[in-house]
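Spelled out from the first residue to the last, the chains are:
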Amino acid sequence: MKKEKKLETINHFFKVQSKSTDRCLEPNDNCDRKAIRSHSIPSGSILSSLSKDGHVIMPSMNLNYPPPSEIEFKEIGVNKATTFSGLCSNHDSEIFRPIDIDLPDTDNQEHLFLLAYRAVLREYHACLQNALRFQSTYQKRIDVDISPKNEPDSFGMYTTSHMANAYECYLYKREFDQYLLSSEWSKLKHHIIVLKNQAATIAVNSLFSLDDIEAPETPRVTLSIYPNNTDLIVVFSFTETDSLYVSNYLNRILNSEGYYQKYLLSKLILQSCENIVLSPDFFDSFSEDKKNAIGQFFIDTIFVTAQDYESEYLYLF
């Protein structure tokens, strides 16, 4: 009965969400303005430092059913890189101005919160769009008698898993919404790593879940990486509830240093994040074997982690 109630709640949620897929997702959830394409990683202060001739490199993934999915690292213009339709122009400017006008200050709790909140918004938008796409395809399959109407097939189960994931991400976003509305920046905890004398080669803004962790609710953590002068700033952010699980999960990274720490970070980025930006010159320096290994590892770890897999080709710094 509990499972049926949850499924009924998720179905109702999607009926509401599908009425307008480009609406503003601001924290009060009552804005009727159309969402714009805004950057999840600021273009002026961060993307421009990575770009060459106005372009950066990003992974472009096609999530296929049945697997395998496909990935290609593509050159994309700075004006389009990392954009998503999550907020209207007013709310995007109002909420994120503190970290858009200049580089985020890691001593400022509001700045750290906003880095994480932007990752949460982007991930929720991506999860919602994927779930709606698979739901629409599943309904079409039923209409043309490819999928049965009265019992779920493998595609139906796959669609349901995406719907459940989007709904859980929505609930997680609502938690962050309340923190923002009440300015409770300290509700988030952070682990910050400063990589000294590091060239501007990579930026990340992503939310991911720790699916292999035994916990009452799946722990989640955001990762933000951005260049700051001659350093590279790495920020992990998470709720108080998830603090112990996240700290244990990140233990090896937090307690290592130098090449090995950056290698562990590289593996985590590739198996957990998709909102990644690389500088073109840096990416072009990779051998074809390295590019292929990175792409294959990215695909192989979409649904499973591979912490025991080792390859020097996965190094991203």
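For the structure given in this document, a descriptive report is provided here.

## Quick look at the pairing of strand S7 (residues 220–228)
Taking burial as the measure, the nine residues of S7 include eight buried ones, the bulk of the element. With six bridges joining them, strand S6 (residues 202–209) and S7 adopt antiparallel strand pairing. Its bridge partner being in S7, Val204 is matched across the sheet by Ile225. Between S7 and strand S8 (residues 231–239), which pair antiparallel one after the other, the connecting turn spans two residues, and Asn229 there sits at a positive phi close to 60 degrees.

## Let's talk about the pattern of salt bridges
Under the definition given, this model contains 15 salt bridges. With a shortest N-O distance of 3.8 Å, Arg220 and Glu168 are connected by a salt bridge. Of this pair, Arg220 sits in strand S7 while Glu168 sits in helix H5 (residues 154–181), placing them 52 residues apart in sequence. Of the charged contacts in the structure, one is a salt bridge between Asp231 and Lys196, with a shortest N-O distance of 3.5 Å. Here Lys196 lies in the loop between strand S5 (188–195) and S6 and Asp231 lies in strand S8, a separation of 35 residues in the sequence. Given the relative accessible area of 57%, Lys196 is considered exposed. A network of salt bridges, in which partner residues are shared, links Asp92, Asp100 and Arg118.

## Concerning the packing of helix H3 (residues 89–100) against helix H4 (residues 109–143)
The N-to-C vectors of H3 and H4 enclose an angle of 130 degrees; their axes lie 9 Å apart at closest approach. Between H3 and H4, the interaxial angle falls into the category oblique. Crossing hand, H3 versus H4: left-handed. Between H3 and H4, the contacting residues are Asp92, Ile95, Phe96, Pro98, Ile99 and Asp100 on the first element and Glu110, His111, Leu114, Leu115, Tyr117, Arg118 and Leu121 on the second. Grouping the amino acids of the contact of H3 with H4 by side-chain chemistry returns eight nonpolar, one polar and four charged.

## Notes on the environment of Gly44
If you trace the backbone, Gly44 turns up in helix H2 (residues 43–50). Counting along the chain gives 208 residues from Gly44 to Arg252, while the straight-line C-alpha distance between them is 33 Å.

Criteria and cut-off values
Residues numbered from 1 in each chain as written. Predicted model: local features only at pLDDT ≥ 70, side-chain atom pairs only at ≥ 80, totals over all residues. Heavy atoms only, no water. Buried < 20%, exposed > 50% of the residue type's maximum accessible area, 1.4 Å probe, protein only. Helix = DSSP H or I, 4+ residues; strand = E, 2+ residues; numbered from the N terminus. Pairing = 2+ DSSP bridges. Salt bridge = Lys/Arg side-chain N within 4 Å of Asp/Glu carboxyl O. Axes fitted to C-alpha atoms, helices over the stretch in contact; angles between N-to-C directions. Parallel < 35°, antiparallel > 145°, perpendicular 65-115°, else oblique. Left-handed = near helix turned anticlockwise from the far one by under 90°. Contact = heavy atoms within 4.5 Å. Nonpolar A, V, L, I, M, F, W, Y, C, P; charged D, E, K, R; others polar.

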